[in-house]
Amino acid sequence: MASAIHALIGGALIGLSAVLLMLTLGRIAGICGVASNLLTLKLDADFGWRACFLAGLMAGAALMAALGLKDWASLTFQTGYAGTIVAGLLVGFGTVLGSGCTSGHGICGLARLSRRSIAATCTFMASAAATVFVLRHVL
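One structure accompanies this document, and this report is about it. Just so it is clear, the structure is predicted and the values come from calculations on it, not from any experiment. (Residues numbered from 1 in each chain as written. Predicted model: local features only at pLDDT ≥ 70, side-chain atom pairs only at ≥ 80, totals over all residues. Heavy atoms only, no water.)

Helices and strands together make up the secondary structure of the chain, namely 6 helices and 0 strands. Along the chain, helices and strands appear, N-terminal first, in the series α-α-α-α-α-α. For the chain, the spread of C-alpha atoms along the principal axes amounts to about 50 × 40 × 35 Å. Relative to its full complement of 139 residues, the chain shows a buried share of 17%. When the accessible area of the chain is evaluated, it comes to approximately 10,100 Å², of which 73% is carbon and sulfur surface. (Helix = DSSP H or I, 4+ residues; strand = E, 2+ residues; numbered from the N terminus. Buried < 20%, exposed > 50% of the residue type's maximum accessible area, 1.4 Å probe, protein only. Areas by Shrake-Rupley, 256 points an atom, 1.4 Å probe, with all protein chains shown as cover.)

Under the criterion given, the structure shown has 2 salt bridges. We note a salt bridge from D46 to R27, for which the minimum N-O separation is 2.8 Å. In this pair, D46 is assigned in the loop between α2 (31–38) and α3 (47–66) and R27 in the loop between α1 (2–25) and α2, connecting sequence segments 19 residues apart. The exposure class assigned to R27 is partly exposed, which follows from its relative accessible area of 32%. Notably, a salt bridge pairs D46 with R50, separated by 3.8 Å at the nearest N-O pair. Relative accessible area serves as the criterion here: at 15%, D46 is assigned to the buried category. Several salt bridges converge on common partners, so that one network encompasses R27, D46 and R50. (Salt bridge = Lys/Arg side-chain N within 4 Å of Asp/Glu carboxyl O.)

Right, let's get into a nonpolar patch on the surface. Judged by side-chain polarity, L63, M64, L67, L69, W72, L75, F77, Y81, I85 and L89 come together as a nonpolar surface patch covering roughly 1,100 Å² of accessible area. For the nonpolar patch, the secondary-structure elements that each account for two or more residues are α3 and α4 (80–97). Looking at which element gives the most residues to the nonpolar patch, the answer is α4, with 3 residues. As for its position among the elements, W72 is in the loop between α3 and α4. (Patch = residues over 30% accessible without salt bridge, like charges linked within 9 Å, V, L, I, M, F, W, Y side chains within 5 Å.)

With that out of the way, let us pick up the packing of α2 against α3. Here α2 crosses α3 at 120 degrees, and the two axes come no closer than 9 Å. In this view, α2 runs oblique relative to α3, as classed from their interaxial angle. Note that α2 runs across α3; the crossing there is left-handed. Side by side, α2 and α3 meet where I31, G33, V34, A35, N37 and L38 of the first sit next to F47, W49, R50, A51, F53, L54 and L57 of the second. Residues that form the contact of α2 with α3 fall into these classes: 10 nonpolar, 2 polar and 1 charged. (Axes fitted to C-alpha atoms, helices over the stretch in contact; angles between N-to-C directions. Parallel < 35°, antiparallel > 145°, perpendicular 65-115°, else oblique. Left-handed = near helix turned anticlockwise from the far one by under 90°. Contact = heavy atoms within 4.5 Å. Nonpolar A, V, L, I, M, F, W, Y, C, P; charged D, E, K, R; others polar.)

Nothing here speaks to function; it is geometry throughout.
As structure tokens, this is what we get:
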């Protein structure tokens, strides 16, 4: 039951942050866009809020660990670090191809009833289901 409550609180906070970013700055809370534009190190008007947004994500994880709500020591990578890095690069490549990530399309885009985001989210979910099926039942 505690994990369901944590998921509910986490989902509400994600939704709240997306709404606040849209209301205050008129920006979409797509993490891949926030991070990739921040990594250009272009010190424009958007640099500050992007840095704060990502710092807040990391601070949230640190707070969970500090409060003992998540045992990070039990986190394991089934493919090892190399496989995890390759998977991360593939996800990054996919977000470029899909013109956005699950947070941009799946949270913000669906909330705005964007047809492009609906198509992208359906593609994400179908790909995820197919991948799980192949990895668990075929290989």
